[in-house]
Amino acid sequence: MQTALELGYFTQKNHVDNVTRDESGYKVTLAQVYKVDTSILNSRPEIRFYSTYLKALENEIDTQTFNDGKDYQISVGVQAEVVF
């Protein structure tokens with residue numbers, strides 16, 4: 001068993017017709033991972049329970065938003081990885 005923390009940041013600038021539009025944000029993911037083997041490189045299968053927080057800091061490139069017009073989203077899920 002292991003606990004994982006993933007941090008990410010993105011930024012993008014688009015230049016169209018002498019206008020600069022910015023987009024940026026970050027994400028934080030916390031996961032609990034259950035593995036069959038003890039080695040990180042060789043342990044398959046595994047199952048991962050996670051929660052992710054994604055925040056848009058700037059959104060000038062398009063007008064898309066998350067549900068209810070919010071600039072953030074919280075996701076929870078389960079991921080399984082197996083090798084056949």
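Here, every reference points to the structure presented above.
Residues numbered from 1 in each chain as written. Predicted model: local features only at pLDDT ≥ 70, side-chain atom pairs only at ≥ 80, totals over all residues. Heavy atoms only, no water.

Trainee: Help me get a handle on the overall build of the chain, residues and values and all.
Mentor: When its secondary structure is counted, the chain shows zero helices and four strands. In the chain, the succession of helices and strands from N to C terminus is β-β-β-β. Relative to all contacts within the chain whose residues are 6 or more apart in sequence, the contacts with residues 24 or more apart total 51%. Accessible area for the chain stands at about 6,600 Å²; split by element, carbon and sulfur atoms hold 54% of it. (Helix = DSSP H or I, 4+ residues; strand = E, 2+ residues; numbered from the N terminus. Contact = heavy atoms within 4.5 Å. Areas by Shrake-Rupley, 256 points an atom, 1.4 Å probe, with all protein chains shown as cover.)

Trainee: Give me the lowdown on the environment of Thr20, citing residues and values where you can.
Mentor: Looking at the element boundaries, Thr20 is found in strand β2 (residues 19–35). A relative accessible area of 40% means that Thr20 is categorised as partly exposed. (Buried < 20%, exposed > 50% of the residue type's maximum accessible area, 1.4 Å probe, protein only.)

Trainee: Mind laying out the sheet that holds strand β3 (residues 46–59), listing which residues take part and the relevant values?
Mentor: Strand order in the open sheet formed by four strands is β1-β2-β3-β4, and the pairing between neighbours is antiparallel. Every interior strand has two partners, whereas the edge strands, β1 (2–16) and β4 (72–81), have only one. Here the strands of the sheet are splayed against their neighbours by 20° on average, with no regard to which way each runs. Both β1 and β2 contribute to a ladder of 15 bridges, which runs antiparallel. Within the sheet, the bridge partner assigned to Gln12 lies in β2 and is Glu23. (Pairing = 2+ DSSP bridges. Axes fitted to C-alpha atoms, helices over the stretch in contact; angles between N-to-C directions.)

Trainee: Tell me about the pattern of salt bridges, and name the residues and values.
Mentor: Applying the stated criterion across every chain yields a total of five salt bridges. The shortest N-O distance in the salt bridge between Arg48 and Glu6 comes to 2.5 Å. Residue Arg48 is found in strand β3, and its partner Glu6 is found in strand β1; the two are separated by 42 residues along the sequence. Residue class for Arg48 comes out buried when judged on its relative accessible area of 15%. Note that Lys35 and Glu46 form a salt bridge whose closest N and O atoms lie 3.3 Å from each other. In this pair, Lys35 is assigned in strand β2 and Glu46 in strand β3, connecting sequence segments eleven residues apart. With a relative accessible area of 14%, Glu46 lands in the buried category. Put simply, Glu6, Lys27 and Arg48 are held in one network by salt bridges that share partners. (Salt bridge = Lys/Arg side-chain N within 4 Å of Asp/Glu carboxyl O.)

These figures come from the coordinates and say nothing about function on their own.
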